[in-house]
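Residue-level listing of the chains:
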Amino acid sequence: MVFQDITAMGHENVLFCQDKATDLKAIIAVHNTTLGPALGGMRRWRYANEEEMLFDVLRLSEGMTYKAAAADLPMGGAKTVIWKPSHDAPPTEAEAKAMAKFVDRLGGLYIAAEDVGVTTEYIDWMVSVTDHVMGGTGDRQGGDPSPYTAAGVVNGMRACIRHAGMGDTFNNLTIAVQGLGAVGWKVCKAVHDEGGKLLVADIRSEITQRASAEFGATVISVEDIVTAQSDLFCPCALGAVIGNGNIEKLQTKVVAGCANNVLVDPIEDGALLKNKGVVYAPDFVINGGGLIRLAGLYCGFSPDEIDKRVANIEHAVFEILDTAGARTPHDAAIRYAQRRLDAGHPLTAANSQA
Ligand code: NAI
C-alpha cells in the first residue's frame, strides 16, 4: 500500500520515525531531490489515524517539489508530519530534539522548517542537534517566514486582479480574507493600507474584532466567508476550502491566498472554477515567499536577491495565468514547475550559481 502510493506519486524516501522516550511519532517524506536538497516544514497535527497522517505527508511533500521548482530554487520537495497525541499536547524540547536526530540522520538531504503547530522555539530546540533546520531565531536561521509569505501573496493577488482586468491596486476593491493568522493579518494590513475594503472571518473572534477596529473590516461568519460577495477571496486558514459543491455559490472574481491545497480536487474543481470565469492563483506559486526566504538563506542568497524573488511571484503568477490557454491555472503551474524539473536545474542564472 505504501509502495503503491509512493510509486504513483514519485517519492524517493519515506522515513517512519519513533522515539520511545518522548513518544515521538513522525513521518518524513522526501519527494524529489532533482533540483537539490529538499526543504519542507514539519506539521504537528492531531490526525484521526495513521492513514490520514501518511496521506497528508505524501501530498504535502509532493506540493513542496512543485513549490520549490516554481520558485526556481535549487531545492527539492519534502515535508514532515508529527503525530500530536491529543488536542492540547504541547510541543516539548525533548520531542524537538528527538525529531532533530532523525532529520540529522538524513545528512542534509532534508532541511526541516516550521509549519502548522511548529514554532520558531521548536526550531531553536532542534538547532542544538542538527544543522539541517531553518526558521529559528538564530543568525541566518531566517525566523518566522510569514512576512515573506504574506508579501508574496499580496504580489500574487496583484497579478490576479491585473489578469482579471480590475487594475493593479486594491483601492476600492472588496477582499474577503479567511483566517487572520500570521499571514492573513499581514495581507489584511496591505489591502487596508492601499484603500481596499475588507471582509474577514476567523474562528477567533478577538482577532476579527481587532481587524474591525484597526482596518474597518466587516466581520463575516466562518460559514459565509467563502461565498461572500467580493472581488477577491483570499483563503489564509486551512486547505480544501473550494470544492465539495460550493463553487457554484461563489460570488467572487478571484481566489488567491496562502493556504496550501485550496482546491479539494485540483483537476475537477480547477476546471469548474475556470468554467465559471473565476481567476485562481495556484497555491504553491503564490504562497512560496516563506520558502524563498528560508531556502534562499540556506543557499546563501543575499537579502536583496531574496526580496527580488519574492517580488517575482507577481510576474510568475501573471505569466502562468496569461499563458494557461485552455489549461486550468493549476495545470499550467504544474507545467511551469515541471520545466525546471525536466531541465534538472533552476532556469535563472542566479539560481544555477547557488
Ligand atoms: P496561522 O495558524 O497563523 O493562521 C491561521 C488562522 O486561520 C488562525 O487565525 C486560525 O484561527 C484561522 N482559522 C482556522 N480555521 C479557520 C476556519 N475554519 N475559518 C476561519 N479561520 C480559521 O497560520 P499561517 O501561518 O497564517 O498560515 C495560514 C495557511 O497558509 C496555512 O494553511 C499554512 O499551511 C499556509 N502557509 C503558511 C505559510 C507561512 O509562511 N506561515 C507558508 C505557506 C503556506
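Worth saying up front: this structure is predicted, and the values here are computed from it rather than measured. (Residues numbered from 1 in each chain as written. Predicted model: local features only at pLDDT ≥ 70, side-chain atom pairs only at ≥ 80, totals over all residues. Heavy atoms only, no water.)

**Concerning the side chain of threonine 130**
As for its position among the elements, threonine 130 is in the loop between helix H4 (120-127) and helix H5 (146-163). Its relative accessible area of 2% is what places threonine 130 among the buried residues. A polar side-chain atom of threonine 130 sits 3.0 Å from the main-chain amide nitrogen of histidine 132. (Helix = DSSP H or I, 4+ residues; strand = E, 2+ residues; numbered from the N terminus. Buried < 20%, exposed > 50% of the residue type's maximum accessible area, 1.4 Å probe, protein only. Polar contact = N/O pair within 3.5 Å; in protein donor to acceptor, adjacent residues only side chain to side chain.)

**Some thoughts on helix H7 (residues 205-215)**
Taken together, the buried positions of H7 are occupied by Ile207, Thr208, Ala211 and Phe215. Considered in projection along H7, the buried side chains sweep an arc of 100 degrees and stay on one side of the axis. Turned more than 90 degrees away from the buried face of H7 sit Gln209 and Ala213, all of them exposed. Where H7 is buried, its residues contact helix H6 (182-193), strand S7 (197-201) and strand S8 (218-219). Glycine 216 occupies a position one or two residues after H7 and carries a positive phi of about 65 degrees. (Arc of directions from axis to C-beta. Contact = heavy atoms within 4.5 Å.)

**A short note on the environment of glycine 143**
Here glycine 143 lies in the loop between H4 and H5. Judged by its relative accessible area of 13%, glycine 143 is buried. Put simply, glycine 143 and histidine 11 are 132 residues apart on the chain and 29 Å apart in space, counted from C-alpha to C-alpha. Setting aside chain neighbours within four positions, we find glycine 143 in contact with Glu114, Thr120, Gly135, Gly136 and Leu294.

**As for a nonpolar patch on the surface**
A grouping of Trp45, Val116 and Leu238 is seen on the molecular surface, where their side chains present a nonpolar patch of about 240 Å² in accessible area. One can find tryptophan 45 in strand S3 (residues 38-45). Residue class for tryptophan 45 comes out partly exposed when judged on its relative accessible area of 33%. (Patch = residues over 30% accessible without salt bridge, like charges linked within 9 Å, V, L, I, M, F, W, Y side chains within 5 Å. Areas by Shrake-Rupley, 256 points an atom, 1.4 Å probe, with all protein chains shown as cover. Salt bridge = Lys/Arg side-chain N within 4 Å of Asp/Glu carboxyl O.)

**Examining the domain arrangement of the protein**
When the domains of the protein are assigned, the result is domain 1 (2-61 + 78-127) and domain 2 (146-287 + 325-331). Once you take the C-alpha centre of each, domain 1 and domain 2 turn out to be 28 Å apart. (Domains from an automatic or database assignment.)

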